[in-house]
Amino acid sequence: MNKNYVDVNINPCKMCMPMGGALAIKGLENSITLMHSSQGCSTYIRRHIAQHFNEPMDIASSSLTEEATVYGGGNKLKKAITNVIKVYNPKTIGITTSCLAETIGEDIERIVSEYIVENNLKDKINIFYSGTPGYGGTENEGYYYTVRKIVENYVKPSKKHNKINIITGYFLSPAEIREIKNMLKIFGVEAIILPDYSETLDAPYYGKKYKRIPSGGTKIIDIEKMSGSLATIELGVLLDDKKSPGKYIEDIFGVKLYRLPLPIGLKNSDKFIKLLSKIFNKQIPKEIVNERRRYIDGMIDSHKYNGEGRATIYGSPEMVYSLAKLCDENGIKPVIIATGSENKLLQEKLEKELKYKNIKFLIDTDFETIGKISKEKNVNIALGNSDGKYLTENYKIPLIRTGFHVHDRVGGQRENRLFYKESMNFLDKITNCLLENKYSVYREKMYKNYFLEEELL
Ligand code: SF4
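This is a predicted model, so every value here is computed, not measured.

*Asks:* Describe the overall build of the protein, with residues and values.
*Replies:* Helices and strands together make up the secondary structure of the protein, namely 17 helices and 13 strands. Its C-alpha atoms give the protein a radius of gyration of 23 Å, within 12% of the compact-globule value 23 Å for 457 residues. Dimensions along the principal axes, computed over C-alpha positions, put the protein at roughly 90 × 55 × 45 Å. Across the 457 residues in the protein, those meeting the buried criterion constitute 56%. Contacts spanning at least 24 positions in sequence make up 74% of the contacts within the protein whose residues lie at least 6 apart. For the protein, the accessible surface area stands at approximately 21100 Å², while carbon and sulfur atoms represent 50% of it. Each charge sign in the protein was given a centre, from 67 positive and 57 negative side chains, and these centres are 4 Å apart.

So, in C-alpha cells, the structure goes:
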C-alpha cells in the first residue's frame, strides 16, 4: 500500500485470487476451470495466462448479469456446466468464484449437488468448488487454496505404495516441474506430483490437430492414492496449516509432511536433494554431487562481481523467499523485499535467516512504493515479473524478468531455476546484468569522480 495516499494502491504488486486457482486446475488431467463470475474476470485471467505461457487458455464463465446478481446466479451456473460438458467433455470441472459471486453469497456446493442429481451425473464427472474472491487474497493464496480443495475432495483411503507426494509450489514454470521429474528419474524414484501443468501449459506441437484440452496433468485416480504415499514434500514454507494441502493429507491420513522452499539456490536445493535421499534411503547420485560442485565453483567465480549487487526482489512470497536466499548466499544484497500478499511469515523468516540485515520489507505493496524506495536505496538490479518494468522505465534499474507473469518477453514457460545447474544459469543472468550495468556507466563515473576533479586543480 502506498503510504502517501489513503487506501490507494498504484499498480499493485499482485494479481487476483482466481488466477492462482485456474493455474492449479490446469494441472489436473482433462480439466477445465469454470468461473462463477461476470465475463471480465475470466477474460483478464485467460489473457495473462495465455500471454505468459504462449498457450491457448480456456476458462469458462457463468457470465453473471445484473439480474443474477439480485436474484441469484444458480441457473446461470447450471447452464454454464451443461455448456462446458457439451463443448469440452472434461473429466473434471473446477469451479472458482469472483468477488461478485462471493459477495452475493452464492451457495455453490448446493447448486452443484442439485445439478449432479438433476442430470444423473453421480460418479460420471468430478466437479469441485474453490472459493476465490479477488479480495480474499492474491494469485498465490488462490493457488494453494485450490490445491487444498482438490486434496480435500479427491484423496481417499488407499493401500501403501512406494511413491511420495510432491505439492508443486507457487510459482514454478512447466519446465521447472519437468526438472523435478528429471531429478526423480536420476534418483530412480517416483512421485505423485500435484498440480502438474508441465504439459498442459507447455504442450508440444501436434501439427494442425487442435486439442481443446491438452494432454497431461495429474490424474484424479493418482490423487486418490496420495493417502498411501511414503511422505509429502510440499513446496511452500510460508503457508499456515489450514491452507496447506500437505497438512490435510497428514492430519487425515497420517502421511508425514515435509515443507520445503522452492529449490532455487544452493541451500534450498540441498534441502530437497537431502530429503529425497533420506525418504528413499538412497545415496545422492554422483551426477548431482558433481553438479553441486560445479555450482559452488561458479559461485566462487562470480562472487567478486555479485558483491556490488543491491537488489529489489518482488512477487509471490514463496518465490521471493527463495530468490532472496539465492541472492544472499551469493553476496548480492537483498535491499528491498516486496510482495503484494499479506504474508507476515515472509519477513519473520527472512529477518532471521539472511546474512544481510538492512532490508526494507514491503508487504501488501504496490509498484509506486517499490520504485520510489528502490531509488532511495540505490538499488541496481530488480528481480520479478514484467509488472516491474516501471523500475527500468522510471528509475533505470535493470530488471531480470522471472516468475509469473512475463508478458513482454518470450520463454516464461521455459524458465528454469531449479537445483544446482539451473540455479547457476540463473545466477549467471544476474551477474551478467550487474556487469553490463557497471560497464555501461563505468567511464562516465570515472570521468565525474576523478578527471573532472583533476581539471579543476
Ligand atoms: S479482483 Fe475480483 S472483480 Fe477483479 S478480476 Fe479478480 S475476481 Fe474479478
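There's more to say after this.
*Asks:* Quick one: what's the story with the domain arrangement of the protein, residue by residue and with numbers?
*Replies:* As assigned here, the protein comprises domain 1 (17-153), domain 2 (164-279) and domain 3 (287-442). Relative placement of domain 1 and domain 2: their C-alpha centres are 23 Å apart. At the interface, 29 residues of domain 1 touch 35 residues of domain 2. In this assembly, domain 1 packs against domain 2 so that about 2800 Å² is buried in total across both faces, 67% of it on carbon and sulfur atoms. Taken together, the connections running from domain 1 to domain 2 amount to one salt bridge. The salt bridge involving Lys219 is made with Glu29; its shortest N-O contact spans 3.6 Å. Where domain 1 meets domain 2, there are eleven residue pairs in polar contact (both at pLDDT 80 or more).

*Asks:* Now, about the state of the cysteines: what can you tell me, with residues and values included?
*Replies:* As enumerated under the stated definition, the model contains zero disulfides in all. Unpaired in terms of disulfides, Cys327 finds its nearest cysteine sulfur in Cys433, a separation of 11 Å.

*Asks:* Pulling in residues and values, what's your account of the site of the ligand?
*Replies:* Neighbouring the ligand are Cys16, Pro18, Cys41, Tyr44, Ser98, Cys99 and Gly134. When its residues are assigned to classes, the shell around the ligand shows five nonpolar, two polar and no charged.

*Asks:* Residue-level account of the packing of helix 13 (residues 317-329) against helix 14 (residues 344-353), with values.
*Replies:* Interhelical geometry of helix 13 versus helix 14 gives an angle of 10° and a closest axis separation of 11 Å. One way to sum up the angle between helix 13 and helix 14 is to call them roughly parallel. For the pair helix 13 and helix 14, contact is made by Pro317, Val320, Tyr321, Ala324 and Lys325 and by Leu346, Lys349, Leu350 and Glu353, respectively. Grouping the constituent residues of the contact of helix 13 with helix 14 by class yields six nonpolar, no polar and three charged.

*Asks:* Provide a residue-level description of the side chain of Ser61, including the pertinent values.
*Replies:* Within the secondary structure, Ser61 is located in strand 2 (residues 59-61). Take Ser61: its relative accessible area is 19%, and that puts it in the buried class. Polar side-chain contacts of Ser61 include one of 3.2 Å to the backbone oxygen of Ser37. With residues up to four places along the chain from it excluded, the contact list for Ser61 reads Leu34, Met35, Ser37, Ser38, Gln39, Ser42 and Ala80.

*Asks:* Please set out the nonpolar core residue by residue, giving values where relevant.
*Replies:* Soluble, globular proteins show a tendency: their nonpolar side chains are buried together. Among the nonpolar cores identified, the biggest contains 108 residues, and Ile49, Ile180, Ile233 and Phe272 are the most heavily contacted of them. Top contributing element to this core by residue count: helix 17 (residues 419-456), with eight residues. With near-sequence residues (within four places) excluded, Ile233 lies in contact with Ile164, Asn165, Ile166, Ile167, Tyr258, Leu260, Phe272, Leu275, Leu276 and Ile279. Counting residues in hydrophobic clusters, the runner-up holds 20 residues, among them Ile32, Ile93, Ile108 and Ile111.

*Asks:* Requested: an account of the sheet that holds strand 3 (residues 92-97), with residues and values cited.
*Replies:* Read from one edge of the open sheet, four strands run 2-1-3-4, paired in parallel fashion. Single-partner strands in this sheet number two, and they are strand 2 and strand 4 (126-130). Averaged over neighbouring strand pairs, the angle between their axes works out to 25° when direction is ignored. Both strand 3 and strand 4 contribute to a ladder of five bridges, which runs parallel. Bridge pairing in strand 4 links Gly94 to Phe128.

*Asks:* How would you summarise the pairing of strand 11 (residues 360-363) if you had to cite specific residues and measurements?
*Replies:* Bridge analysis of strand 10 (residues 333-339) against strand 11 gives four bridges, and the strand direction is parallel. Bridging from a neighbouring strand, Ala338 pairs with Leu362 of strand 11. Read from strand 10 through helix 14 to strand 11, the crossover connection turns out right-handed.

*Asks:* Describe the sheet that holds strand 9 (residues 310-314), naming the residues involved and giving the relevant values.
*Replies:* Spatial strand order, 11-10-9-12-13: five strands in an open sheet with parallel pairing. In the strand order of this sheet, the two ends are held by strand 11 and strand 13 (399-401), each with one partner. Averaged over all adjacent pairs, the angle separating strand axes in this sheet is 20°, with direction ignored. Contacting strand 10 and strand 11, helix 14 crosses the sheet at an angle of about 165° to strand 11.

*Asks:* Report on the packing of aromatic side chains, specifying residues and quantitative values.
*Replies:* Scanning the entire structure with this criterion turns up ten aromatic pairs. Both rings, one in Tyr143 and one in Tyr144, keep their centres 5.4 Å apart while their planes meet at 90°; by these two values the pair is edge-to-face. Of the two residues, Tyr143 and Tyr144, neither departs from the other in class, the shared state being buried. Summarising the aromatic geometry, the rings of Phe272 and Phe419 are spaced 5.2 Å apart at their centres and angled 55° between planes, so their arrangement reads as tilted. Of the two residues, Phe272 is situated in helix 11 (residues 266-279) and Phe419 in helix 17; the sequence distance between them amounts to 147 residues. Side by side, Phe272 and Phe419 carry an identical accessibility label, which is buried. Put simply, the rings of Phe53, Tyr143, Tyr144, Tyr170, Phe171, Tyr197 and Phe404 touch in pairs and so form one group of aromatic residues. Over the ring of Tyr206 we find Lys211; its NZ or CZ atom is 4.8 Å from the centre of that ring. Stacked on the ring of Tyr258, the Lys or Arg Lys256 has its end atom at 5.3 Å from the ring centre.

About the thresholds
- Residues numbered from 1 in each chain as written.
- Predicted model: local features only at pLDDT ≥ 70, side-chain atom pairs only at ≥ 80, totals over all residues.
- Heavy atoms only, no water.
- Helix = DSSP H or I, 4+ residues; strand = E, 2+ residues; numbered from the N terminus.
- Rg over C-alpha atoms; globule rule 2.2 N^0.38 Å.
- Buried < 20%, exposed > 50% of the residue type's maximum accessible area, 1.4 Å probe, protein only.
- Contact = heavy atoms within 4.5 Å.
- Areas by Shrake-Rupley, 256 points an atom, 1.4 Å probe, with all protein chains shown as cover.
- Lys, Arg positive; Asp, Glu negative; His and termini not counted.
- Charge placed at Lys NZ, Arg CZ, Asp CG, Glu CD.
- Domains from an automatic or database assignment.
- Buried area = accessible area lost by both parts, 1.4 Å probe.
- Salt bridge = Lys/Arg side-chain N within 4 Å of Asp/Glu carboxyl O.
- Polar contact = N/O pair within 3.5 Å; in protein donor to acceptor, adjacent residues only side chain to side chain.
- Disulfide = S-S within 2.5 Å.
- Near = heavy atom within 4 Å.
- Nonpolar A, V, L, I, M, F, W, Y, C, P; charged D, E, K, R; others polar.
- Axes fitted to C-alpha atoms, helices over the stretch in contact; angles between N-to-C directions.
- Parallel < 35°, antiparallel > 145°, perpendicular 65-115°, else oblique.
- Core = buried A, V, L, I, M, F, W, Y, C linked by side-chain atoms within 4.5 Å.
- Pairing = 2+ DSSP bridges.
- Right-handed = clockwise from strand over helix to strand, strands pointing away.
- Phe/Tyr/Trp six-rings, centres within 6.5 Å; stacked < 30°, edge-to-face > 60°.
- Lys NZ or Arg CZ within 6 Å of the ring centre and 35° of its normal.

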